[in-house]
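# Structural features, examined
Listed here are the chains, written in short residue letters.
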Amino acid sequence: MQLSLYNTAARAKQPFESLNPGVVGLYCCGPTVYHFAHIGNLRTYVFEDLLRRALEAAGYSVKHVVNITDVGHLTSDADTGEDKMEKGARREGRSVWDIAEYYAQAFFKDWKALNLLEPTAWPKATDHIPEQIALIQDLEKKGYTYFVENDGVYFDTSKFPRYPDFAKLDIEGLQAGSRVAMADKRNPTDFALWKVSPSGAQRQMEWDSPWGRGFPGWHVECSAMAMKLLGETLDIHCGGTDHIRVHHTNEIAQSECSTGKPFARYWVHGGWLLEAPDDSGKGAGKMSKSAGEFVTLDVLIRQGYSAMDYRYFCLTAHYRNYLNFSYQGLDTARDSLRNLRKRTDPLIGKAAPANSGRAREWKSRFLEAVGDDLNFPQALGILNLMLKDPDLLEGERAGLVAAFDKLLGLGLTVAEAPVPQADLPEDLKPLLAERAAARAAKDWARSDAIRDQFKAAGFVIKDNKDGTAGWSAI
Ligand code: AMP
Ligand code: ZN
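Across the sheet, 4 strands lie side by side as S5-S6-S7-S8; this open sheet has antiparallel pairing. At either margin of the open sheet sits one strand with a lone partner, and together these are strand S5 (145-148) and strand S8 (214-216). Neighbour-to-neighbour, the strand axes of this sheet turn through a mean angle of 25°, independent of strand direction. Where S5 and strand S6 (residues 152-155) come together, 4 bridges link them in antiparallel fashion. Residue Val148 lies in a different strand from S6, and its bridge partner there is Gly152. In the packing of helix H4 (residues 129-141) onto the sheet, contacts are made with S5, S6, strand S7 (191-196) and S8, and the angle to S7 comes to roughly 120°.

Here is the structure:
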């Protein structure tokens, strides 16, 4: 199978070739575990899973690394603001370590539910502090850093002339526009490699370093872990397009200044999932955690969708395009998946070798679509057409479904598990009796408030004739 990928570094689609024959090192920026992943984040991991499956179909063995960011990601990209992890811990009144573990586990659950292939490694930033310190020391030795008193070690981007190239940054424009926000940085694009803990305030996560007690900047973790696990030059580095401008640009600067080698040969970025506009038609921006309200996979499941409905929804758009999220769109994806399963379920267990000329033709059409920069919307169309081809034997059709599903990952070769009815969260349980009492006392304001609280959590209250109340997922 021929595979071509759109390489952000070249702004062009290029045939893919690995550095070493037969093996691919694939690094994907992973979640910051201060909150649940939203379905926008998950769209990016679905696209990366499709890429991994395509690489495997092309015959490569893939070393796939997804990091867990559990320290150092600040609320502002300008290296000011708070560590997202410490902020998350305060929000929940728990330790940083607790919330890192809790949200990492929730993330792994989503990962499995979406049928994403297990990566080779899930390195955590906090397990790689010495590697990050060593990388910063190397950059310091080579003259790329400076120290800002009571603040930290910064990378001097003016010493890396190619810095603006990757994101096509307008450095002069940035310089003119950011005098105020620069604080003690020498250039607006300089970024923190190590932040010293503020004097008088003890952080929950901090380590000793040659520059004082503190914590690593966010970007340095990806360079340090990627190069440790995959070597100094990666085959492919992925993430969402939001990472091009700052995070990936900084990863390139610090890695290439340290090693003198290209950091990644292909940069492949996924487009954003956009929020549904509100009733007035406003607000269709990037789904983001900092915006407050966001949709998680769990919220979808509570409303009766399956994780595969969402995976199918992602497959309907090319990975580089924006995808508008709406429940209407998700309903359409669910209906399409149901229709597809009506054709594929009777084929389960009937797969036979699909070797006829006709079958081989379908297979090569399918692989051609996937190989063309992961054109999965087209590949889905080909699957649907193939299922209607009267010239294929049933066993061949079943064999092709199995082969195609290795790439689609929709679980079409096994009977679908029923969507589990979500259990009522503990905090809502006592409110059922309280609502019944409020209704008996004709306290409609309280009764409505409780109903709204249920609705926000994805449940609907059902009033019974005898005055008690039941519930179901929306
Ligand atoms: P984060 O946990 O915010 O560091 O993001 C994890 C991954 O999700 C990164 O690859 C981001 O680029 C990606 N991402 C964030 N928001 C969106 C979105 N709305 N749509 C698609 N991908 C996103
Ligand atoms: Zn990263």
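The next thing to look at is the coordination of the zinc ion (ligand 2). Summarising the metal site, the zinc ion (ligand 2) is bound by the protein donors Cys29 (SG), Cys222 (SG), His247 (NE2) and Glu251 (OE), whose distances to it range over 2.1 to 2.7 Å. Considering all 4 donor atoms around the zinc ion (ligand 2), the spread of angles at the metal, 72 to 135°, places the coordination shape in the irregular class. The sequence motif formed by the donor residues of the zinc ion (ligand 2) is C-x192-C-x24-H-x3-E. Placement of Cys29 in the loop between strand S3 (23-28) and helix H1 (39-57) and of His247 in helix H7 (residues 244-259) is noted, with a sequence separation of 218 residues between them. We classify His247 as buried; its relative accessible area is 2%.

Time to look at the pairing of strand S10 (residues 264-270). With 6 of its 7 residues buried, S10 lies for the most part within the structure. Here strand S9 (residues 234-240) pairs with S10 via 6 bridges, running parallel. When the sheet's bridge partners are listed, Ile236 is paired in S10 with Tyr266.

Cut-off values and rules
- Residues numbered from 1 in each chain as written.
- Chains lettered and ligands numbered in written order.
- Predicted model: local features only at pLDDT ≥ 70, side-chain atom pairs only at ≥ 80, totals over all residues.
- Heavy atoms only, no water.
- Pairing = 2+ DSSP bridges.
- Helix = DSSP H or I, 4+ residues; strand = E, 2+ residues; numbered from the N terminus.
- Axes fitted to C-alpha atoms, helices over the stretch in contact; angles between N-to-C directions.
- Contact = heavy atoms within 4.5 Å.
- Donors = N, O, S within 2.8 Å, 3.2 Å for Na, K, Ca; no water.
- Tetrahedral: all angles 85-135°; square planar, octahedral: opposite > 155°, others 65-115°.
- Buried < 20%, exposed > 50% of the residue type's maximum accessible area, 1.4 Å probe, protein only.

Shape descriptors only; they carry no functional weight alone.
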